[in-house]
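# Residue-level structural notes
Read off the chains here:
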Protein chains: 2
Amino acid sequence: MSAVHPMWLPDDVFRPLGRRAVRVDADASGDPVLATVRDEVAAAVTRFGGTLAGPDDRADLVLTVEPADGPDTHTVARSAGTTTVRATGARALLHGLHDVVRLGERAFADDLAERHVAPVNELRMLDHWDNVDVHPVMGQVERGYAGGSIFYADGRVRDDLSRVAQYARLLGSVGINAVGLNNVNVHRTEARLLTDGLPDVARLAALFRPHGIRVFLSVSFAAPITVGGLPTSDPLDPDVQAWWAQRAADVYAVVPDFGGFVVKADSEGQPGPFAYGRDHADGANLLARALRPFGGTVFWRAFVYDHRQDWRDRSTDRARAAFDHFSPLDGRFDDNVVLQVKYGPMDFQAREPVSPVIAAMPRTRLAVELQVTQEYTGQQRHAVWLGPQWSQILRFPLWGEGGRTVADVAAGLGDRPGADPGTDPGTAPGAGPGAGAPRRAGLVAVSNVGDDAFWTGHPLAQANLYTFARLAWDPEADPLALLDEWVTLTFPSADDEVRAALHAILDDSWRTYEDYTAPLGVGFMVRPGHHYGPDVDGYEYTPWGTYHFADRDGIGVDRTRATGTGFTGQYPAPWRDVYEDLATCPDDLLLFFHHVPWSHVLHSGVSVAQHVYDTHADGAARTEANAARWARVAGRVPDDLHGRVTERLAEQVRSAHEWSDQLRSYVHRHSGIPDARGRTIH
Amino acid sequence: MSAVHPMWLPDDVFRPLGRRAVRVDADASGDPVLATVRDEVAAAVTRFGGTLAGPDDRADLVLTVEPADGPDTHTVARSAGTTTVRATGARALLHGLHDVVRLGERAFADDLAERHVAPVNELRMLDHWDNVDVHPVMGQVERGYAGGSIFYADGRVRDDLSRVAQYARLLGSVGINAVGLNNVNVHRTEARLLTDGLPDVARLAALFRPHGIRVFLSVSFAAPITVGGLPTSDPLDPDVQAWWAQRAADVYAVVPDFGGFVVKADSEGQPGPFAYGRDHADGANLLARALRPFGGTVFWRAFVYDHRQDWRDRSTDRARAAFDHFSPLDGRFDDNVVLQVKYGPMDFQAREPVSPVIAAMPRTRLAVELQVTQEYTGQQRHAVWLGPQWSQILRFPLWGEGGRTVADVAAGLGDRPGADPGTDPGTAPGAGPGAGAPRRAGLVAVSNVGDDAFWTGHPLAQANLYTFARLAWDPEADPLALLDEWVTLTFPSADDEVRAALHAILDDSWRTYEDYTAPLGVGFMVRPGHHYGPDVDGYEYTPWGTYHFADRDGIGVDRTRATGTGFTGQYPAPWRDVYEDLATCPDDLLLFFHHVPWSHVLHSGVSVAQHVYDTHADGAARTEANAARWARVAGRVPDDLHGRVTERLAEQVRSAHEWSDQLRSYVHRHSGIPDARGRTIH
């Protein structure tokens, strides 16, 4: 394959619109986003035989801007044989156009119900962990599983950025409005994007701008020293403040709509304010004040923990770290700081509880960070569609059923009607849920694309990128409906059998992956370093704080207040009690919160050991069924795509059996408990 | 430190000779080795005020050549106030000179006993695993722990080879007579040393030649394809044979005393004869016949096993592989092939039984391979002097007490007087020990030097290089005497306290290292990839064939004939029975041969679990004592050397405690057996 796969925008999806008479009622001169709308319509009608209707012509579709304040909003209404999209601005009109594209022929059905559409989240962002220089260990894209970077090659920004232009169009079509251009681990060369690299940043920004997307740079907290030659990067030092102010001015001089900075500070070896006895509010506000005159935003990551932990020390709990560091700082962050919080307290595992930080910062703008790139979920060699995981996280009611959810906090939404969130002595006193003004932020995720011909290595991993973008727009969307939408767009000529095969492989793929990997919420058990494939004890005696404490008697991490690290106390009620009690802790998080005997009987009715035997054998078996199912649709999807998916499914079958066999052997060797179903254990 | 450390040849060791009248009775013109002898003497007398005696002058020392056939031999005799060294040739004269240097003032004592000195081994070789290009994973020197390569930098042979000249002089002074110039894993650039690189090989050979050392190249079995452009590297293909013959002719045209080739074939991904359905005799003889017209030798490594083993398959045993591959080929190798056999059946572990291959190839020239570079023995961050290990291996009586040893086989020596080796139905039938003519070969080891200022990273690791060279000369030498010799030469001004400290740290350092690492011969338990530091289960579920099979009940590999892999049957009597029986198997190899309960009581009287607790706690504690001992000699050795050793000992203390803590936790978690001595287990 030499052509690049079109993802969810193959030409055919424009056919319903392109074969009709379409009028764009907006002056595109001077507005690059409106120009994009006009160009998309023009290309579509040219390709499919429709027309660009003039002001007095009858039109099947009218796209028009009716300026209004507030969030980007558009309506779609059908009347007298014409479908009209009314948008509050250029970006909203682009969203309206793609809403019509997704509706397909339905957009032109006379029974079309009127639609009022606005994004729930203000910020819908993708971070790229792309390095300019190839990192000796992490490569061109850290945790990238789709080839090289579309931005960088050979130690600099690419000359040919045509892939970036295509990518920007794809993201704009699903409402992404912010992109971080470089890895949050900022190395030497990458730190200079902020200075010598500005002309290249401007080139990249110019490609994203027509699609309503602002660009951000990850910066190093030590840049005043390493780039600026100052003796310090102390956030309270006036020279440091002046240096950052000048950097911001320089950026905005060439990129007037620059988004701002992304910062990983005092984390896994990255520099930060701790070196100067300052806290993370000092650090974040330093950058925020540099950006404020220009309307920029700081995304400050809450992923701060001790990665030089001693495995012998059972009292330190990495899960506690972000809450311990950040909850005392609530209210101290400037309002153009967004605290970027990973969804769970550890690190993008297939199963974690939601991070208690999300409930603990009512006076802080907070974005929830997800990981589209599949670092811990099969690295785009396994077909793992993460929509259900993300949806479950976003719908999680932080103060109990009916109350505000993770998505509500990220979006800055207030109390839900009818919910009684109560008060919570375990989090910020006096600043209970819903207190203060809503502080809009949104969702951020690490992108999964590279210069691979299918963009994402595994072609089916495109579904994750699509689903994330659509959930960032509307976190309450039904993920299965989004998957179906993705199938329709990506495989426009798919018959029922292809659709059924894709659903069979993807619908439950997250659960399948969880079934054959680390059980019951315990996490990790991956090979240190690259994080692919099983190594049950791989992190057990390391400084990374990711342990399971298995012995001949049992497994799991006691994070209770009664006898463990006390992490459960970081949650508001009811979760602080639900998780604390073995009787109420959900099975799928059992080993995250409790150390139990191998013989402990789950709510499901089987022992922990038997659960591992069952889920692992069954999960691995399902990957074989998936491969067989896919083999049957050969010839019904493009051969190159079929071949790539076939190859990946074969590797998933191999890897899943490796996981299954190792986990079952490990548990049997430790517990001595036989498999009640008599399967071979090596 | 900018100056390079002189190792065992500081100027001072030449003082006893250099302050006297010395005559060299040999015409050095045209013989580079004789020129070296003359230059060494001239430099010494110049430095220390002695004289070069003329033909009629009285001399304190006379060095003279009296040509004779047979191995290089020299005598040292004292008569009428003159010490005379008579040598059978130039190389022997160089050895005689350094014999006098090592004797020091004793060489000039009138009661000096006459010495007749000849090397036991014909071949005394160091292999360098140096890469020309920096390998992305293995670096410039594979398994190198002493900085860059002294041969290569920036993808080519260095312009400045002054370090190589110094190295050649050091090796020549202790009788090394062969050096392999490049890594046995031959990558793309290294394969071209044989073609484009010949002028550089000639430059290197010219630096080794004056010290009696021939150079060898590691070659790739696939070179006829990858370098030569042929469609095959089948050893029976005439074009392939012609290609190798031409390569040999090309090398000898520029390096007339070229030693030959070193080959790692069909091993860990290296190409070999198996690809063509040929065996290793076919492969080795192909190269041997190319080299024969020029007197060259092929070192063909027996390190052949399946590195894609399935951990689920308990019937395959990597320990069996070399014997299974090579013993049927005994008698098939040309007489300029030397089969290079690692001392143990696995891979340079701190403790392994000797390889049964050494007893199984009476009609094959066989060299035993040791590892001076400390891949599995602390990587020159730990002070581990391997003299006792090597001595124990070399003195091992392959057919029982009093019979021929490993050293005898390597040297090609016949039966020992009074020994009755019996016959051995388990090895090559009809070719019992001692059958056929002695086939002289020798010892090979992987070097531990790099461009580090101390040559070996850890300054005390110089003792390993010295001891190997001296044991290669005389495998029955007392290793402690060699260590003392090394101390005397390397620290010429050392007082008793320094000498005592060095002995305290080094004498038992191998046992100390064994005590805090993998117990009872089970091996590995190191971090996969880099092999440093503990990871008890790191290789347990890998394809590498290095398992310990620990579970809640016990640990170890059953290699018995009765119930295990049958590996014990590869040994001749009595070892096939000694190892087979739990009652006679030595403790220190117990887990290599048997899977036993944690509660199994050793000959030492404690259980396996308690043994781990005791040896690990004690071994780690001894490293602290060593560090304290070394601290007390500050100011009595050069500061830079003291500082480097101090830093390394601190790391050894840290690492030893990490090993100890992890191993004790691991055993306790699995066995549930408490430490009878009540020490903390984490």
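Residues numbered from 1 in each chain as written. Chains lettered and ligands numbered in written order. Predicted model: local features only at pLDDT ≥ 70, side-chain atom pairs only at ≥ 80, totals over all residues. Heavy atoms only, no water.

The name given to chain A in an unreviewed UniProt entry is Xylan alpha-(1->2)-glucuronosidase, and the organism recorded there is Cellulomonas biazotea.

Now for the UniProt feature "domain: Glycosyl hydrolase family 67 catalytic" (unreviewed entry) in chain A. In the numbering used here, UniProt assigns the feature "domain: Glycosyl hydrolase family 67 catalytic" (unreviewed entry) to residues 115-412 of chain A. Across residues 115-412 of chain A one finds 27% helix and 17% strand; the C-alpha atoms that close the span lie 23 Å apart. (UniProt positions renumbered as here; feature names shortened; annotations may be inferred. Helix = DSSP H or I, 4+ residues; strand = E, 2+ residues; numbered from the N terminus.)

Before going further, it helps to examine the packing of aromatic side chains. For any pair of aromatic rings, the description rests on two quantities: the centre-to-centre distance and the angle between the ring planes. Counting across every chain of the model gives 60 aromatic pairs over all chains. A ring pair is formed by B:Tyr252 and B:Phe294, whose centres lie 4.8 Å apart and whose planes are at 10 degrees; its orientation type is stacked. Here B:Tyr252 is found in helix H8 (residues 238-254), whereas its partner B:Phe294 is found in the loop between helix H9 (280-291) and strand S15 (297-301), with 42 residues between them in sequence. Residue classification places B:Tyr252 among the buried positions, given a relative accessible area of 7%. A relative accessible area of 32% places B:Phe294 in the partly exposed class. Measuring from ring centre to ring centre gives 5.6 Å for B:Phe524 and B:Tyr539, while their planes differ by 75 degrees; the resulting arrangement is edge-to-face. With a gap of 15 residues between them, B:Phe524 in the loop between helix H16 (509-516) and strand S19 (554-555) and B:Tyr539 in the loop between H16 and S19 connect regions that are remote in the sequence. Taken as a pair, B:Phe524 and B:Tyr539 share a single burial class, namely buried. Feature note: the residues A:Phe396, A:Phe567, A:Tyr571, A:Trp575, A:Tyr579, A:Phe592 and A:Phe593 constitute an aromatic cluster, connected by ring pairs. A cation over an aromatic ring shows up here: A:Lys342 above the ring of A:Phe303, its NZ or CZ 3.3 Å from the ring centre. (Phe/Tyr/Trp six-rings, centres within 6.5 Å; stacked < 30°, edge-to-face > 60°. Buried < 20%, exposed > 50% of the residue type's maximum accessible area, 1.4 Å probe, protein only. Lys NZ or Arg CZ within 6 Å of the ring centre and 35° of its normal.)

Often, the extent of an interface is quoted as the loss of accessible area upon association of its parts. Contacts between the two partners involve 25 residues from chain A and, on the opposite side, 25 residues from chain B. Overall, the association of chain A and chain B removes approximately 2,400 Å² of surface from exposure, summing both partners, and the carbon and sulfur fraction of that is 42%. Sorting the residues of chain A by area buried against chain B places A:Tyr541, A:Arg552 and A:Arg669 first, and these three jointly supply 35% of that buried surface. Counting across the interface, chain A meets chain B through 6 salt bridges. Summed over the shared surface of chain A and chain B, the number is 20 residue pairs in polar contact (both at pLDDT 80 or more). (Contact = heavy atoms within 4.5 Å. Buried area = accessible area lost by both parts, 1.4 Å probe. Salt bridge = Lys/Arg side-chain N within 4 Å of Asp/Glu carboxyl O. Polar contact = N/O pair within 3.5 Å; in protein donor to acceptor, adjacent residues only side chain to side chain.)

Now for helix H14 (residues 479-490) of chain B. Residue and element names in this part refer to chain B. Helix length check: H14 (12 residues) gives 16 Å between terminal C-alpha atoms against 16 Å at 1.5 Å per residue, within 8%. Every buried residue of H14 is accounted for by Pro479, Leu482, Leu483, Trp486, Val487, Leu489 and Thr490. Looking at the packing, one finds that the buried side of H14 touches helix H3 (90-103), helix H11 (387-394), helix H13 (462-473) and helix H15 (496-506). One side-chain oxygen at the N-terminal end of H14 lies 3.1 Å from the backbone nitrogen of Leu480; it belongs to Asp478. (Expected span 1.5 Å × (residues − 1).)

The positions UniProt marks with the feature "domain: Glycosyl hydrolase family 67 C-terminal" (unreviewed entry) are residues 456-679 of chain A. Strand forms 2% of residues 456-679 of chain A and helix 49%; the C-alpha atoms that close the span are 36 Å apart.

Another aspect to go through is the environment of B:Asp639. Residue and element names in this part refer to chain B. Structurally, Asp639 is set in helix H20 (residues 639-671). On the basis of relative accessibility, which here comes to 61%, the residue Asp639 falls in the exposed class. Separated by 259 residues in sequence, Asp639 and Gln380 have C-alpha atoms that sit 19 Å apart.

Residues and elements named next belong to chain B. With respect to burial, strand S7 (residues 123-127) is a largely interior element, 5 of its 5 residues being buried. Where burial is concerned, the two faces of S7 agree: the one with Leu123, Met125 and Asp127 and the one with Arg124 and Leu126 are both buried. Pairing of S7 with strand S18 (residues 442-446), which is carried by 5 bridges, proceeds in the parallel orientation. Its bridge partner being in S18, Leu126 is matched across the sheet by Ala445. In the sheet, S7 pairs with strand S12 (residues 178-180) via 3 bridges, with the strands oriented parallel. By the bridge assignment for S12, Asp127 is matched with Gly180. (Pairing = 2+ DSSP bridges.)

Further remarks concern the sheet that holds strand S4 (residues 74-79) of chain B. Within a sheet, each strand pairs with its neighbour through backbone hydrogen bonds, oriented either parallel or antiparallel. Residues and elements named next belong to chain B. Ordered in space as S2-S1-S3-S5-S4-S6, the 6 strands form an open sheet in which the pairing is mixed. The strands lining the two open edges of the sheet, one partner per strand, are strand S2 (51-52) and strand S6 (115-117). The pairing of S4 with strand S5 (residues 82-87) spans 6 bridges and is antiparallel. Opposite His74, over in S5, you have Ala87 as the bridge partner. Each of strand S1 (21-25), strand S3 (61-65), S4, S5 and S6 is contacted by H3, which is oriented at about 50 degrees to S4, the strand it contacts most. (Axes fitted to C-alpha atoms, helices over the stretch in contact; angles between N-to-C directions.)

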